[in-house]
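Each chain, letter by letter, is given below.
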Amino acid sequence: MFDRLEQTEARYEELTQVLASPDITNDSAKYQKTAKAHSDLVPIVEKFREYKELKKGIEGSKALLAEETDPEMRTYAQDELTQLETRIAAVEQELKIMLLPKDPNDEKNVILEIRAGTGGDEATLFVAEIFRMYSRFAELQGWKVDVMSSSESSAGGLKEVIAMVEGKRVYSRLKYASGVHRVQRVPVTEASGRIHTSAVTVAVLPEAAEVEVEIKDSELKIDTFCASGPGGQHVNTSHSAVRITHLPTGMVVSCQDERSQYKNRAKAMKVLRSRLLDMEMQKQHDAIAKDRKSQVGTGERSEKIRTYNFRDNRITDHRVHFTTHRLVEVLNGDLAELLDNVITYYQSEKLKDATAVS
């Protein structure tokens, strides 16, 4: 591990020298590529340098303990040594995780799809709340959210919403949100005060580039129709809405949010490509999962991943057994703690697998 870290630090220094050269500024493409490679190495190099400083501190504290006879100074040195050893163990664990193979999709934008499940009108209201939660989180991260398609319910909620989320490392932060999100609360329409359980499904798909997923025109059936709003009222009289059917899979994607048929078609194709890429990823995931002896918290879409309990002001992530009593704050977009716990769990699981293989 430390040989790899030394090589990484050497590469970082090499790229630093390249970026300092006046020649590279004349080649914009090369400069951007080099700057990106340099930026990617910064976190791991900083962590490795922290590790080396901690190691020096430990050696210094041990030397002081070996030489010092004054009880007060020995106590001080021992306390410092204990703190440094605790910290260096944590840093070493962080370095191991940082050296794990990167998910090639982590840097990508995502297609976020949220749909009502069981629960009728209450489920559609919760779709709107979950979408607002992720939209607020995206805003706090400086990401952009573009609604590609949505369908309102008569209760004022959303039957489904599909949106593009664009920004830095979006997929890396949201990829574990896929699954069933369950809500337990008293609906506003419930006169007797009984708690109802409803559910919505969330899918987070990495945006697929055209070169990643090849779709032939002969595989598509494209229909156009007039966009419509709630109650069937026509939003416009031109055939701007687009429905694309992928014949080999039977997958159907519709988009009507734009006034331009061309724009709706482009958005629908983005969703279709991302769904097809996700389908291939799921096939690979399933093949790998068959070889594993246990599958606890696999991240499958059919799996109930979270429960939002309004009476107890509680959110529980069932995969990692993490509970927070900050439901209101989380629904307002303060998702960082919840996401960090899930990401840390899956990173630890990957580390266990990597250790077992080695």
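Each remark here, short or long, concerns the structure printed above.
These notes cover the structure that comes with them. Keep in mind that this is a model prediction, so the values were computed, not measured. All residue numbers refer to position in the chain's written sequence, counted from 1. Reporting in this predicted model follows two pLDDT cut-offs: at least 70 for local features of residues, and 80 or more for side-chain atom pairs to be given and counted; totals over whole chains, interfaces and linings ignore these cut-offs and use all residues. Think of the side-chain values as coming from all heavy atoms in the structure, minus any hydrogens and water.

Here we look at the sheet that holds strand S7 (residues 241–246)
Here is the rule: Note on pairing: DSSP must find at least two bridges between two strands before they are called paired. What counts as a helix is a DSSP run of H or I of at least four residues, what counts as a strand is a run of E of at least two, and both are numbered from the N terminus. Lines fitted to C-alpha atoms define the axes here, with helix axes fitted over just the stretch in contact, and angles between the N-to-C directions of these axes take values from 0 to 180 degrees.
The strand order S6-S7-S8 describes an open sheet built from 3 strands, whose pairing is antiparallel. The sheet is open, and its two edges are formed by strand S6 (220–225) and strand S8 (251–255), each paired on a single side. Strand-to-strand twist across the sheet, computed as the mean angle between neighbouring axes with direction ignored, equals 15 degrees. With 6 bridges joining them, S6 and S7 adopt antiparallel strand pairing. Along S7, the bridge assignment pairs Asp223 with Arg243.

So, the sheet that holds strand S9 (residues 304–309)
Put simply, the rule reads: Contacts are assigned to residue pairs that have any heavy atoms within 4.5 Å of one another.
Taken in spatial order, the 8 strands make up an open sheet running S2-S3-S1-S5-S4-S9-S10-S11, and their pairing is mixed. With partners counted over all chains shown, the strands left at the sheet margins are strand S2 (144–152) and strand S11 (322–324), one partner each. Strand after strand, the sheet turns through a mean of 15 degrees between neighbouring axes, direction not considered. Pairing analysis gives 8 bridges linking S2 to strand S3 (residues 158–166), with the strands arranged antiparallel. From the neighbouring strand, Ser151 faces S3, where its bridge partner is Glu160. The strands that helix H4 (residues 121–141) touches are strand S1 (110–116), S2, S3, strand S4 (179–185), strand S5 (196–206) and S9; relative to S1, the one it contacts most, it runs at about 155 degrees.

Structural notes on helix H2 (residues 28–67)
Rules: Working rule for helices: expected span equals 1.5 Å times residues minus one. To get the bend at any residue, fit one axis to the seven residues that end at it and another to the seven that begin at it, then take the angle between the two axes. Burial here depends on accessible area, computed with a 1.4 Å probe over protein chains only, as a share of the maximum for the residue type. Under 20% is buried, over 50% is exposed, and the range in between is partly exposed.
The end-to-end C-alpha separation of H2 is 57 Å, in line with the 58 Å expected for 40 residues at 1.5 Å each. Its axis deflected by about 35 degrees at Val42, H2 carries its strongest bend there, up to four residues before the proline Pro43. Along H2, the residues that are buried comprise Thr34, His38, Leu41, Ile44, Val45, Lys47, Phe48, Tyr51, Leu54, Ile58, Ser61 and Leu65. Against the buried residues of H2 lie helix H1 (2–20) and helix H3 (71–98).

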